[in-house]
Amino acid sequence: MTPRAERPVIWMGSSRKDLRAFPRQVRRDIGKALYAAQQGEIDPAAKALKGFGGGSVLEIITDQHGDTWRTVYVVRFKAAIYVLHAFQKKSKKGIAMPKKDLDLIQRRLAEAERLHRERHN
């Protein structure tokens, strides 16, 4: 059996820099989930992001010492995994994602779609 080719990870905006600022264990957990995505799998820590139509936009949620860290990525494109946003959720009001983060994800998703079209046309 031939091993499946890994899809590359493309970091949108400041997502890579933001992720690098996370605590080591959080980075490891997120890295494990992104590696699973590169292999065509979905890590148990990843789930579909509501409001983005189906299961092609996913978020990894990691908790450590009472803090919540989130990384949003898209698996819609066969050629690559696009990481859209990585941030620490600071709001203590429920689990809903703040509007400013949703808006940023929407903008970066549109940019990822444009970039994907350019690379494959």
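Cut-off values and rules
- Residues numbered from 1 in each chain as written.
- Predicted model: local features only at pLDDT ≥ 70, side-chain atom pairs only at ≥ 80, totals over all residues.
- Heavy atoms only, no water.
- Helix = DSSP H or I, 4+ residues; strand = E, 2+ residues; numbered from the N terminus.
- Expected span 1.5 Å × (residues − 1).
- Buried < 20%, exposed > 50% of the residue type's maximum accessible area, 1.4 Å probe, protein only.
- Contact = heavy atoms within 4.5 Å.
- Core = buried A, V, L, I, M, F, W, Y, C linked by side-chain atoms within 4.5 Å.

Caption draft 1: Quick look at helix α2 (residues 24-38). Taking 1.5 Å of rise per residue, 15 residues should cover 21 Å, and α2 covers 21 Å from first to last C-alpha, within 8% of that figure. Those residues of α2 that sit buried are V26, I30, A33, L34, A36, A37 and Q38. Where α2 is buried, its residues meet β1 (9-11), α1 (15-20), β3 (57-64), β4 (67-74) and β5 (81-89). In the stretch just after α2, G40 is the one whose phi turns positive, near 85°.

Caption draft 2: Up close: the nonpolar core. Core analysis: the biggest nonpolar cluster contains 16 residues, and L49, V57, V72, V74, Y82, L84 and I105 have the highest contact counts within it. Residue assignment for this core shows that the elements contributing at least two residues are β4, β5 and α3 (99-119). Excluding residues that lie within four positions of it along the chain, V72 makes contacts with L49, V57, L58, E59, Y82, V83, L84, H85, M97 and I105. If you look at the next biggest cluster of nonpolar residues, it comprises 15 residues, including V26, A37, I60 and Y73.

Just distances and angles here, no functional claims.
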